[in-house]
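Listed here are the chains, written in short residue letters.
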Amino acid sequence: MWFLIVALVIIFIIFFKTIKVIKQSEVYIIERLGKFHKVAQAGLTIIIPFFDTVRSIVSLKQQTMDIPPQGVITKDNVTITIDTVVFYQITDPAKAVYEIQSLKKGIEYLAITTIRDIVGKMDLDSTFSSRDSINLQLREILDEATDKWGCKIDRVEIKDINPPQDIRDAMEKQMNAERNKRALILQAEGQKQSAITVAEGEKEAKILEAEADRESKIRRAQGEAEAIIKIAEAKAREIEMVYTAIKSAQPDDKLIAIKSLEALQDVAKGEANKIFIPFEATASLASLGAIKEMFTNK
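Parameters at a glance
- Residues numbered from 1 in each chain as written.
- Predicted model: local features only at pLDDT ≥ 70, side-chain atom pairs only at ≥ 80, totals over all residues.
- Heavy atoms only, no water.
- Helix = DSSP H or I, 4+ residues; strand = E, 2+ residues; numbered from the N terminus.
- Buried < 20%, exposed > 50% of the residue type's maximum accessible area, 1.4 Å probe, protein only.
- Contact = heavy atoms within 4.5 Å.
- Areas by Shrake-Rupley, 256 points an atom, 1.4 Å probe, with all protein chains shown as cover.
- Phe/Tyr/Trp six-rings, centres within 6.5 Å; stacked < 30°, edge-to-face > 60°.
- Salt bridge = Lys/Arg side-chain N within 4 Å of Asp/Glu carboxyl O.
- Axes fitted to C-alpha atoms, helices over the stretch in contact; angles between N-to-C directions.
- Parallel < 35°, antiparallel > 145°, perpendicular 65-115°, else oblique.
- Left-handed = near helix turned anticlockwise from the far one by under 90°.
- Nonpolar A, V, L, I, M, F, W, Y, C, P; charged D, E, K, R; others polar.
- Polar contact = N/O pair within 3.5 Å; in protein donor to acceptor, adjacent residues only side chain to side chain.
- Pairing = 2+ DSSP bridges.

1. Here we look at the overall build of the protein chain
Item 1. Within the protein chain, the secondary structure is distributed over eight helices and eight strands.
Item 2. Of all 298 residues assigned to the protein chain, the portion counted as buried reaches 23%.
Item 3. Of all intrachain contacts in the protein chain linking residues separated by at least 6 positions in sequence, the fraction that spans at least 24 positions is 65%.
Item 4. Per element, the accessible surface of the protein chain, about 21,400 Å² overall, is 58% carbon and sulfur.

2. Some details on the environment of isoleucine 153
Item 1. With respect to the helices and strands, the residue isoleucine 153 is situated in strand β8 (residues 151-162).
Item 2. Under the relative-accessibility criterion, isoleucine 153 is labelled buried at 0%.
Item 3. As for isoleucine 153 and isoleucine 90, which are separated by 63 residues in sequence, their C-alpha atoms are 8.9 Å apart.
Item 4. If we ignore the near neighbours within four places in the chain, the residues touching isoleucine 153 are Val86, Phe87, Tyr88, Ile107, Arg139, Leu142, Asp143 and Thr146.

3. Quick word on the packing of aromatic side chains
Item 1. If you walk through the whole model with that rule in mind, you get one aromatic pair.
Item 2. Here phenylalanine 36 and tyrosine 98 contribute two aromatic rings whose centre-to-centre distance is 5.6 Å and whose plane-to-plane angle is 75°, an arrangement assigned as edge-to-face. A residue pair is termed long-range when its members are at least 10 positions apart, and phenylalanine 36 in strand β3 (residues 35-40) and tyrosine 98 in helix α2 (residues 93-98) qualify at 62 residues.

4. Side note on the pattern of salt bridges
Item 1. For the coordinates displayed, the defined rule picks out eight salt bridges.
Item 2. Between glutamate 31 and arginine 55 there is a salt bridge, and its shortest N-O distance comes to 2.9 Å. Of this pair, glutamate 31 sits in strand β2 (residues 26-32) while arginine 55 sits in strand β5 (residues 52-59), and the two are 24 residues apart along the sequence.
Item 3. Of the residues examined, arginine 55 reaches a relative accessible area of 44% and is grouped as partly exposed.
Item 4. Among the ionic pairs, arginine 155 bridges to glutamate 157, the shortest N-O distance being 2.2 Å.
Item 5. A single network of salt bridges, built from pairs that share partners, joins Asp66, Asp83 and Lys159.

5. Topic: the packing of helix α3 (residues 103-119) against helix α5 (residues 131-146)
Item 1. Taken N-terminus to C-terminus, the directions of α3 and α5 make an angle of 140°; their axes are 10 Å apart at the nearest point. Relative to α5, the element α3 lies oblique. Seen from above, α3 lies across α5 with right-handed handedness. The residues of α5 that touch α3, namely those facing Ile107, Leu110, Ala111, Thr114, Ile115, Ile118 and Val119, are Ile134, Gln137, Leu138, Ile141, Leu142, Ala145 and Thr146.
Item 2. Residue composition of the contact of α3 with α5, grouped by class: eleven nonpolar, three polar and no charged.

6. Notes on the side chain of glutamate 31
Item 1. Residue classification places glutamate 31 among the buried positions, given a relative accessible area of 8%.
Item 2. At 2.9 Å, the side chain of glutamate 31 forms a polar contact with the side chain of arginine 55.
Item 3. Not counting residues within four places of it along the chain, the set of residues in contact with glutamate 31 comprises Phe36, His37, Phe51, Asp52, Thr53, Arg55 and Tyr98.

7. Here's the deal with the sheet that holds β8
Item 1. Strand order across the open sheet formed by three strands is β6-β7-β8, with antiparallel pairing between neighbours. One side of each edge strand has no neighbouring strand; the edge strands of this open sheet are β6 (63-73) and β8. When the angles between neighbouring strand axes are averaged without regard to direction, this sheet yields 25°.
Item 2. By the bridge criterion, ten bridges tie strand β7 (residues 79-90) to β8 in an arrangement that is antiparallel.

Written as structure tokens, this is what we have:
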């Protein structure tokens, strides 16, 4: 009876050691007599008890690793603390097990030394404004270095950069000064723009006023000119009518001169009219004066 129980236990142990169920996204590194034998993929795997052993269980998922905060000295001799996280994935499980003693330790040490090398070539302000550049350089260097370990570095992210307290206080004061400076500049720009707008408005108003005054004068002058032309045309028609009437009555030269002078007198009554009497007309005026004296004596 006891022999049967022992036999069942031995069979169960052998069965347990022979059949292995591997989960999805995992692989087993199988060794036979201490030597690498195969990489067992997900599913059911049968091994030979006492000859085959599972050296390591390797996850093929993307993994994250927090790099402990590290003190780094910048180019301008400021000590800052950088907190970093690395995203990696194992692509060759056999290399990840046999090429390095501890893959995580190797990635961690590489990340620390690389961060110090990159940030040590930058000043403090550049470390804050160049995070993407630092992340990209870290990823490229780590990916190249870990390729022989069967590992691929997908991303490297700097979570935080902490300068010393006195540096933070100085930076805060500098930022406040910059904000005040920008506020004053914006206020001055606003006042300048307002003054320019007001000046332009006044200039345009004066221009419009001058144009309106000029237009008014032009129209007034045109109106006066048209009025003078109409008056002159009316007087001309009147003189023509008088001349026609006198001519039909067959007057002599003296009567014609008298009528012409009466017409000119009416024309000259206009304020804007200027009458130029030719020299020949003075003889007629002298004759008219003599005639007037004769009739007065009679």
